Amino acid sequence: MVKSAPPPIASRKPSKVEAIKERSNFLREPVATEILQDTNHFSEDAVQILKFHGSYQQDNRDNRVKGQEKDYQFMLRTKNPGGFVPPQLYLTLDQLADEYGNHTLRATTRQGFQLHGILKKNLKAAIAAIVKSMGSTLGACGDLNRNVMAPPAPFKNKSEYDFAWEYAQNIADLLTPQTGAYYEIWLDGEKAISGEENPEVKAARQRNGSGTVFHEQEEPIYGTHYMPRKFKACVTVPGDNSIDLYTQDLTLVVITNKQGELEGFDVFAGGGLGRTHNKEETFARMADSICYVAKEEVYDLVKAIVATQRDYGDRTDRRHARLKYLIHDWGVDKFRSMVEEYFGKPLEPFKPLPKWKYEDFLGWNEQGDGKLFFGISIDNGRIKDEGSFQIKTALREIVEQYNLPIRLTPHQNLILCDIEPDSKQAIEEILNRHGVVTDPSNIDQIVRYAMACPALPTCGLAITESERAIPGILERIRALLDKVGLQNEHFVVRMTGCPNGCARPYMAELGFVGSAPESYQVWLGGSPDQTRLAEPYTEKLHHNDIESFLEPIFVYFKKSRKKGESFGDFCARVGFDAIRNFAENYKPKSANGGGKARHRISVRDDIYAVLKETADSQGKSMTELVNEALKVYLKVE
Ligand code: SRM
Ligand code: SF4
């Protein structure tokens, strides 16, 4: 099969970022020059290139004052294939958060860590420290392959998990940018001390299928222009959907034989969630099954898919540049034939797979080699010390004392691995002493399965609050469920401050997507195992109206659900017309459920955040605190 020449970069005008990449001399400039300047921020062009190095220029949006310069700071994101963080790297990140950051670490939805609040003058020292602790931020952001995800549960007696981690690492290596820019800029040219690269991966990177590589270029796979947009991949095992496989550009599923030996991979492609409100041409999309590939050919197939997107992805409109749009516009058949051209032969049919399941593996679990692993729920991935809740200190103490590796989960949680059974009690004691809930059944299950993106104050794209708002909103949802008689009910709630979808809200059973200040678009109908896309039910729900909006829907669910049916499955089964019809005719029994009268007032988002923080640190409810404060202010006895 002979591959025809790829199209010229674009017959329409390429986007601004394409020219910035081209001018950058493989990600060097203008970052290399500007990092040496005594300024507190980078130019527009440098900001774009800096992303490829794993950092975003941000400003603290709480501190914005009209007419004054922004409070510039930087976010740093690590790349940890399969979420694996060795103990030394964890301790370095923990220290950097205190030394240069905002004293928090943020576990992300793609199994990485983020540091926030770093000043430009400290960026180089922070990146150098990460690299010297065997970590990396290279390619954590930017138009290239992002962190490769894999199931986080560290089973040692299930060979398919080993293969998933091995290939997640190898795909990450295969698609790592080859430019020397990273080491030149952040380590003064000193190459990182890293293990020998897998020779198979090295050879695969150079091997030209049919036009998959550029010869004699610093970047054999990416070329001068890198990818048209970010590219996201994961490797999982049959049945384990802890990595939200339908939302990825590329998913490989390990296929083993009866003896547990690796044979090959099933391949999905074309998932992605980012969209823009009121732009119908942008949408969340679930990945399609594409083919099966034998293990010997997996790198060539990955390269063929990457090359197809690299050469045919839209470089003129960044809102239309992800692989999902190429597959949507072409159809799966045309996509398959183009991949075949690069691959050099026909693709094999996809193999049947069992049903997907989602488990979070919180609490104590057997690892399968005599050791234990312990999954800890971290609210929205934010590792911080606050009042009597000192998870950051507890984790540092544990990792220091027991030298434990960590696996970050795609749900912003963390798993301590390789624990000797006789350390179990002492580790639990450290956590309890620092106010961390160790028994997952003591966590409200709505909170346990919920996620929110960072949004305000760090995210420049946030339309409204997310991470800071979700605790209060979940508390209110719990109260409402109790009120309508759904005491022990739980389902997947996810929230984002804008439609980009960073906490994957479109796969949730109840998704909140920021659509205006203090308001959310509401998505219903995703499944508990994230195998179905939700749909937008309403465009703008003010957060004050959450109870009146959700109450009829919960009552309908309680009344008409099938036995054991989850909230998301119920919404998808009955459909939005039926839900709307029920809601329109619904008459609440009494405004407050017949109990004591409660009145609702709204407070500004920033005041809400301080109120929540103070209430948490004082161990009081927010209502108690407001009443106390108002009593004093209004001089009420
Ligand atoms: Fe994201 C941009 C945070 C996972 C879709 N994402 C951003 C930025 C960098 C904002 C920006 O561009 O200025 C956010 C930084 C906020 C901050 O202050 O930290 C941000 N995204 C995150 C994280 C930290 C959210 C979290 O709660 O953990 C996740 C980091 C993952 C990592 O370690 O690499 C994160 N982002 C995702 C995911 C989920 C996933 O990958 O599984 C998605 C949806 C899946 C997808 O890509 O389709 C996602 N982020 C986006 C998009 C929309 C992309 C698109 O195709 O339209 C943007 C905006 C953009 O790229 O233009 C974005
Ligand atoms: Fe920012 Fe939007 Fe992503 Fe939230 S979903 S982190 S608001 S880009």
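Summary of the structure given here. It should be emphasised that the depicted structure is a prediction, and the values quoted were computed from it without experimental measurement. (Residues numbered from 1 in each chain as written. Chains lettered and ligands numbered in written order. Predicted model: local features only at pLDDT ≥ 70, side-chain atom pairs only at ≥ 80, totals over all residues. Heavy atoms only, no water.)

### With respect to the nonpolar core
(1) Moving on: Counting residues in hydrophobic clusters, the biggest one holds 118 residues, and the most contacted among them are Y90, F113, I376, L414 and L416.
(2) Moving on: Each of domain 1 (143–343) and domain 2 (363–440) contributes no fewer than three residues to this core.
(3) Moving on: In this structure L414 touches F113, F374, G375, I376, I378, I383, L395, I406, R407, L408 and T409, once residues within four positions along its chain are discounted.
(4) Moving on: Counting 37 residues, the second largest nonpolar core, distinct from the first, contains A452, L486, V555 and F576. (Core = buried A, V, L, I, M, F, W, Y, C linked by side-chain atoms within 4.5 Å. Buried < 20%, exposed > 50% of the residue type's maximum accessible area, 1.4 Å probe, protein only. Domains from an automatic or database assignment. Contact = heavy atoms within 4.5 Å.)

### With respect to the coordination of the iron atom of ligand 1
(1) Moving on: When only protein atoms are considered, the iron atom of ligand 1 has one donor, C502 (SG), at a distance of 2.3 Å.
(2) Moving on: Here C502 is to be found in the loop between β18 (493–496) and β19 (510–516). (Donors = N, O, S within 2.8 Å, 3.2 Å for Na, K, Ca; no water. Helix = DSSP H or I, 4+ residues; strand = E, 2+ residues; numbered from the N terminus.)

### Topic: unusual backbone geometry
(1) Moving on: Note the cis peptide between E29 and P30, where omega equals 0°.
(2) Moving on: Tracing the backbone shows P30 in the loop between α1 (16–23) and α2 (31–34).
(3) Moving on: Omega for the bond connecting L456 with P457 falls within 30 degrees of zero, at 10°, which places this linkage in the cis form.
(4) Moving on: Relative to the helices and strands, P457 is located in the loop between β17 (451–452) and α15 (470–483).
(5) Moving on: Even without a glycine there, the phi angle at Q111 is positive, about 65°.
(6) Moving on: By secondary structure assignment, the location of Q111 is in the loop between β4 (105–107) and β5 (113–118).

### Quick notes on the packing of aromatic side chains
(1) Moving on: Inspection of every chain in the model, using the stated rule, returns 30 aromatic pairs.
(2) Moving on: Seen from their ring centres, F491 and F567 are 4.7 Å apart, and the 35° between their planes marks the pair as tilted. With F491 in the loop between α15 and β18 and F567 in helix α17 (residues 567–584), this pair connects stretches of sequence that are 76 residues apart.
(3) Moving on: With a centroid separation of 4.5 Å and 10° between ring planes, the pair formed by Y556 and F582 is classed as stacked. Here F582 lies in helix α17 and Y556 lies in helix α16 (residues 546–560), a separation of 26 residues in the sequence. Each of the two residues, Y556 as well as F582, counts as buried. (Phe/Tyr/Trp six-rings, centres within 6.5 Å; stacked < 30°, edge-to-face > 60°.)

### What to know about a negative patch on the surface
(1) Moving on: Together, E280, E281, D317 and E539 line one region of the surface with negative charge.
(2) Moving on: By the element assignment, E280 lies in the loop between β8 (262–269) and β9 (288–294).
(3) Moving on: E280 sits in the exposed class, given a relative accessible area of 71%. (Patch = residues over 30% accessible without salt bridge, like charges linked within 9 Å, V, L, I, M, F, W, Y side chains within 5 Å. Areas by Shrake-Rupley, 256 points an atom, 1.4 Å probe, with all protein chains shown as cover. Salt bridge = Lys/Arg side-chain N within 4 Å of Asp/Glu carboxyl O. Lys, Arg positive; Asp, Glu negative; His and termini not counted. Charge placed at Lys NZ, Arg CZ, Asp CG, Glu CD.)

Worth remembering: the numbers are spatial, not functional.
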